[in-house]
Amino acid sequence: MATNAVDETKATEATTEKAVDTTESDEATTTEAPAEAEVVETEVAETEVVATKEETPSGTGQGAAAVVSAALGVVSLTGSWVGTIAAARQNLVGQLETAQGAGVAQQIQAVYGDAWQATALWAGLFAVVALVVGVVTLARPAFGTPGRIQAPWIKSVAWAGVALGVIGLFLAVLKYTGILLGLPSAG
C-alpha cells in the first residue's frame, strides 16, 4: 500500500510540473506592453482618487463648529466660570470703593448691581460668539465646493447653537438692563 501512495504522489508532482511549464510558456508568449499600460492606468487612477480625497472636505470642521456653537449657547444660558469670577471681582471692587457713609441704594448698586451686570456682559459675550459661529457654520456650504451637501446633523446642531445664542443674548440684555431680576429698591 505504501508503494501505491508514493507512486500516486510522484504522478501528481509530474502533472503539476507540466501544468507549471505550460503556464510559463503561455506567459512568455504574451507581450509585456499591455501589462505596462495597465500599470500606468492603475497608477493614474489611484493618483486621481488620492487627489480627490485630499481636495474633498470631510465636514469635520463644520461639525466641530456646530457643536462649539451649541456649547457656547448653553454656557451663555447657564453661566460660565469667567462670568462668576468677573462678578466676584466686581463685588470686591464695589465693596472697596463704596464709602461707609454712602446711601443704601448706592451700596446695593456698587456691591450687587455691578456684579450682576458683569455676569450679564459675559453671558452676552458667549451668546454673541455662539450666534456668530452658528451662522458661519450654516453659511459655509455657500462658499465651499459646489454640489457638496452639508450633513443634516451639522445643520441641526448649528441651528440649535444659533437659537441658544439668540435666547442667551436676549436674556443677557434683560439682565443687564434690570428688567429681568432687577435690583430691589432701597426705599
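Residues numbered from 1 in each chain as written. Predicted model: local features only at pLDDT ≥ 70, side-chain atom pairs only at ≥ 80, totals over all residues. Heavy atoms only, no water.

In this section: the UniProt feature "transmembrane region" (unreviewed entry) in the protein chain. The positions that UniProt labels "transmembrane region" (unreviewed entry) are, in the present scheme, residues 120-139 and 159-183. Helix and strand shares over residues 120-139 are 100% and 0% respectively, and the end C-alpha atoms of the span are 28 Å apart. Measuring from the first to the last C-alpha atom of residues 159-183 gives 34 Å, for a span that is 76% helix and 0% strand. (UniProt positions renumbered as here; feature names shortened; annotations may be inferred. Helix = DSSP H or I, 4+ residues; strand = E, 2+ residues; numbered from the N terminus.)

Below, the discussion takes up the environment of Val-173. Considering the arrangement of structural elements, one finds Val-173 in helix H6 (residues 152-177). With a relative accessible area of 47%, Val-173 lands in the partly exposed category. In the structure, Val-173 is positioned 53 residues away from Ala-120 in sequence and 7.2 Å away in space, judged by C-alpha atoms. (Buried < 20%, exposed > 50% of the residue type's maximum accessible area, 1.4 Å probe, protein only.)

Attention now goes to the side chain of Ser-80. Counting through the fold element by element, Ser-80 comes out in the loop between helix H3 (60-78) and helix H4 (81-97). For Ser-80, a relative accessible area of 15% translates into the label buried. Discounting residues that sit within four places of it in the chain, Ser-80 has contacts with Val-75 and Phe-126. (Contact = heavy atoms within 4.5 Å.)

Attention shifts here to the packing of helix H5 (residues 104-139) against H6. The geometry of H5 relative to H6 is characterised by a closest axis approach of 7 Å and an angle of 155° between their N-to-C directions. Compared by their axis directions, H5 and H6 come out roughly antiparallel. In the crossing of H5 with H6, the sense of the turn from one axis to the other is left-handed. (Axes fitted to C-alpha atoms, helices over the stretch in contact; angles between N-to-C directions. Parallel < 35°, antiparallel > 145°, perpendicular 65-115°, else oblique. Left-handed = near helix turned anticlockwise from the far one by under 90°.)

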